[in-house]
Amino acid sequence: QVQLVESGGGSVQAGGSLRLSCAASGYPYLNDCMGWFRQAPGKEREGVADIYIGGGTTYYADSVKGRFTISQDNAKNTLYLQMNSLKPEDTAMYSCAAGRKRWYGGRWNCDYGYWGQGTQVTVSS
């Protein structure tokens, strides 16, 4: 139904920037929320940021607030993650996901049903 392909990963020095892209194909308009996740070796998968279509609502993990920005270009069916001031602890495999939004717990939440394969980000000190 939906295919997601990430790109833009690579190796950078601490303090540098990268912009990740997630291209959606198939029937992405059936989804109304998207997000970025990351997983480093030996660690659990962590939600980085997500965005809810319609109101422009975004959420960020505390670890990336002020440094990362999630955005989307609906015309291109593409999700982005702008990553600035990168730190070695940001090193991980980054994956994008898409799903359907629900309101509970006083906020929007995304039920993720589609996942990309991921793109590696490596930050050296």
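I will try to describe carefully the structure that is included in this document. Bear in mind the structure is a predicted one, so any value in this text is a computation, not a measurement.

Cut-offs used in this document
Residues numbered from 1 in each chain as written. Predicted model: local features only at pLDDT ≥ 70, side-chain atom pairs only at ≥ 80, totals over all residues. Heavy atoms only, no water. Buried < 20%, exposed > 50% of the residue type's maximum accessible area, 1.4 Å probe, protein only. Helix = DSSP H or I, 4+ residues; strand = E, 2+ residues; numbered from the N terminus. Pairing = 2+ DSSP bridges. 1 Å grid on protein atoms, 1.4 Å probe; cavity = no way out; pocket = protein on both sides within 12 Å on 5 of 7 lines; lining within 4 Å. Points joined across faces, edges and corners; volume = space filled by probe spheres on them. Nonpolar A, V, L, I, M, F, W, Y, C, P; charged D, E, K, R; others polar. Phe/Tyr/Trp six-rings, centres within 6.5 Å; stacked < 30°, edge-to-face > 60°. Lys NZ or Arg CZ within 6 Å of the ring centre and 35° of its normal.

Once that is clear, we can look at the pairing of strand S11 (residues 119-124). Of the two faces of S11, only the one carrying Thr-119, Val-121 and Val-123 is buried; Gln-120, Thr-122 and Ser-124 on the other face are not. Two strands pair when backbone bridges link them, and strand S2 (residues 10-13) and S11 are joined in this way by 4 bridges, in the parallel orientation. Looking at the pairing, Gln-13 lines up with Ser-124 of S11. As paired elements, strand S9 (residues 92-104) and S11 share 3 bridges and run antiparallel to each other. Bridging across to S11, Tyr-94 finds its partner in Thr-119.

On to the layout of surface pockets, then. Here the largest pocket defines a volume of roughly 180 Å³. As for the largest pocket, its lining consists of Ala-24, Pro-28, Tyr-29, Asn-31, Met-34, Ile-53, Gln-72, Asp-73, Asn-74, Asn-77 and Thr-78. Considering only residue class, the lining of the largest pocket consists of 5 nonpolar, 5 polar and 1 charged.

Time to look at the packing of aromatic side chains. Throughout the structure, instances matching the rule amount to 5 aromatic pairs. Judged by centre distance (5.4 Å) and plane angle (80°), the rings of Trp-103 and Trp-108 are edge-to-face. Residue class for Trp-103 comes out exposed when judged on its relative accessible area of 53%. With centroids separated by 5.9 Å and ring planes inclined at 55°, the aromatic side chains of Tyr-112 and Trp-115 adopt a geometry described as tilted. Given the relative accessible area of 32%, Trp-115 is considered partly exposed. An aromatic cluster is built from Phe-37, Tyr-112 and Trp-115, whose rings are joined through pairwise contacts. Taking the ring centre of Phe-37 as reference, the NZ or CZ of Arg-45 above it sits at 5.7 Å.

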